[in-house]
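# Structural overview for review
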Amino acid sequence: MQLFKLKTRLSKFDHFADFAREFKLSEHDLVITNEFLYDPFMKSLNLPCHFIMQEKFGLGEPSDKMMNTILKEVKGVGFDRVIAVGGGTVIDISKLFVLKGVEDVTEAFERKIPIVKEKQLVILPTTCGTGSEVTNISIAEITSKHTKMGLADDAIVADDAVLVPELLKGLPFKFYACSAIDALVHATESYVSPKSNPYTRLYCRAAIEIIIDVFQGIAANGPEYRFERLGDMLMASNYAGIAFGNTGVGAVHALSYPLGGSYHVPHGESNYQFFTEVFKLYNAKNPSGDIARLNDLLCVQLGVNENPYPVLDELLGKLIPKNKLRVYGMKPEEIEEFKKKVKKLLREIKNENLSSKDARIYLTGHLGYFNIANTYTLKKKNILLQDELLREKIIY
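As the structure is a computational prediction, the values presented were derived from the model and not from experiment.

### Overview of the confidence of the model for the protein
Mean pLDDT over the protein: 86, with 85% of residues reaching 70 or higher. Within the model, pLDDT remains below 50 along residues 390-396, and this stretch shows 22 contacts once partners closer than five positions in the same chain are excluded.

Take a look at the structure:
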């Protein structure tokens, strides 16, 4: 059984200019970024690259329309390497641009075309949450299907991930907090994953320790404290990405993605809504094994003897408030309808009336990108967990 893999080279520079010099950026590079990053960090360097400013093609999280419009923009441009400098949207877009023969990204997400890597990919994350610089996943809203879909394939793994702490300086505090909480969710869900192992838990533990320490510093000293720890938080996000890239995530993401896809809630914020309630329910059901070990780790970090989740809730609440799902427009009847669709699909999978390809597409889009596609038992447990959370209206 494979325990661990990391195909991406990791580098770190204090300044973007140092990276540009070391990686010899040239006219053969396509740089996908944002203007608010280009102006302070790239403009003065007069680089000969072809630049794409993502926000000119649409706002918010990535969609098939956004990606396809950019594809048309760069058609005929010769480039050998894609440089992604940005947050989750820029990174998810850039991963599709290294593939051969893509004219409509929906065909790639649905695997209607061969997924073959044609160009090199270098990723510089400018948020501290997704860990996407070291994962093989791209997520986008497929507008024709009114849902999010994911492509998980080693062909879109970055060849290089480059950490440049100064790129986080302009990140507004709410986005910083949501992305950092997302990283904490990655680390905790990876820690208790069925695929968790001693190698991945090393990264999970390191990420959890750093993130909670930074959060405690912010709670004590205010949001400006984050600027003293940008490098630490960027590294913690990377650790968490390495961990969940090997183990997958779980029920928090399963609940999060329908909220994000249907109600346009940013990913980190939607994860936050479910995070501690999922782990409270884990503990109510079976607080043993890795769950007990995670509890012990959290207790040490939070300075409590038992049951760390109320204290963790209080700490996260000092960063940003947690909303009820009704705030985003979710109605009780919509929750019930979603549960019915998921349970129907699971019955079809179990009875082998649905192809594995169609099941993978549906599950990736509706339940998130965790590793459930080959294990019915785990799928069933996650759906039952969602059902119980929603039935008891803990999170509604």
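### Section: the side chain of E269
By secondary structure assignment, the location of E269 is in helix 10 (residues 267-285). On the basis of relative accessibility, which here comes to 10%, the residue E269 falls in the buried class. Excluding its chain neighbours within four sequence positions, the residues that come into contact with E269 are K174, C178, N323 and Y328.

### Some remarks on helix 11 (residues 289-302)
Taking 1.5 Å per residue as the helical rise, helix 11 with its 14 residues ought to reach 20 Å, and the 20 Å between its terminal C-alpha atoms agrees with that figure. Restricting attention to buried positions, one finds in helix 11 the residues D290, I291, L294, N295, L297, L298, C299, Q301 and L302. Elements in contact with the buried residues of helix 11: helix 6 (173-191), helix 7 (198-221), helix 10 and helix 12 (309-317).

### Side note on the packing of aromatic side chains
One pass over the full model with this rule turns up 12 aromatic pairs. When the ring of F4 is compared with that of Y203, the centres are 5.6 Å apart and the planes differ by 10°; the resulting orientation is stacked. Of the two residues, F4 is situated in the segment before strand 1 (9-12) and Y203 in helix 7; the sequence distance between them amounts to 199 residues. In this structure F4 comes out as partly exposed when scored by relative accessible area, which is 27%. Each ring, one from F279 and one from Y309, has its centre 6.1 Å from the other, and the planes form 20°; the classification is stacked. One end of the pair, F279, is in helix 10; the other, Y309, is in helix 12, and 30 residues separate them in sequence. Relative accessible area serves as the criterion here: at 2%, Y309 is assigned to the buried category. One residue, K119, lies across the ring of F79, its end atom 4.5 Å from the ring centre. One residue, R226, lies across the ring of Y176, its end atom 5.7 Å from the ring centre.

### Here's the deal with the pattern of salt bridges
Summed over the entire model, instances satisfying the criterion amount to 17 salt bridges. With a closest N to O distance of 3.7 Å, E269 and K174 form a salt bridge. Placement of E269 in helix 10 and of K174 in helix 6 is noted, with a sequence separation of 95 residues between them. By relative accessible area, which is 46% here, K174 ends up partly exposed.

### Structural notes on the sheet that holds strand 4 (residues 81-86)
The strand order across the open sheet formed by 6 strands is 1-8-5-4-2-3, and the pairing between neighbours is parallel. Single-partner strands in this sheet number two, and they are strand 1 and strand 3 (50-53). Here the strands of the sheet are splayed against their neighbours by 20° on average, with no regard to which way each runs. The sheet contact formed by strand 4 and strand 5 (residues 120-125) spans 6 bridges and is parallel. Directly across from I83, in strand 5, lies its bridge partner V122. Lying on the sheet, helix 4 (residues 88-96) is in contact with strand 2 (29-33), strand 4 and strand 5; it crosses strand 4 at an angle near 170°.

### Overview of the nonpolar core
One finds Y176, L184, F215 and L316 to be the most contacted residues of the largest nonpolar core, which totals 57 residues. Of all the secondary structure elements, the ones that give two or more residues to this core are helix 6, helix 7, helix 8 (230-247), helix 9 (251-263), helix 10, helix 11 and helix 12. Broken down by element, this core gets its largest block of residues, 11 residues, from helix 6. Setting aside residues no more than four positions away along its own chain, Y176 makes contact with C128, L171, V214, I218, R226, L230 and M233. Core analysis: the second largest hydrophobic core is formed by 34 residues, M67, I70, V105 and A140 among them.

### Considering the environment of S190
By the secondary structure assignment, S190 is in helix 6. Classification of S190 as buried rests on a relative accessible area of 0%. Along the sequence, S190 and V249 sit 59 residues apart, while their C-alpha atoms lie 5.5 Å from each other. Non-local contacts of S190, meaning those with residues more than four positions away in its chain, are made with S196, C204, A243, F244, T247 and G248.

About the thresholds
Residues numbered from 1 in each chain as written. Predicted model: local features only at pLDDT ≥ 70, side-chain atom pairs only at ≥ 80, totals over all residues. Heavy atoms only, no water. pLDDT = per-residue confidence, 0-100. Contact = heavy atoms within 4.5 Å. Helix = DSSP H or I, 4+ residues; strand = E, 2+ residues; numbered from the N terminus. Buried < 20%, exposed > 50% of the residue type's maximum accessible area, 1.4 Å probe, protein only. Expected span 1.5 Å × (residues − 1). Phe/Tyr/Trp six-rings, centres within 6.5 Å; stacked < 30°, edge-to-face > 60°. Lys NZ or Arg CZ within 6 Å of the ring centre and 35° of its normal. Salt bridge = Lys/Arg side-chain N within 4 Å of Asp/Glu carboxyl O. Pairing = 2+ DSSP bridges. Axes fitted to C-alpha atoms, helices over the stretch in contact; angles between N-to-C directions. Core = buried A, V, L, I, M, F, W, Y, C linked by side-chain atoms within 4.5 Å.

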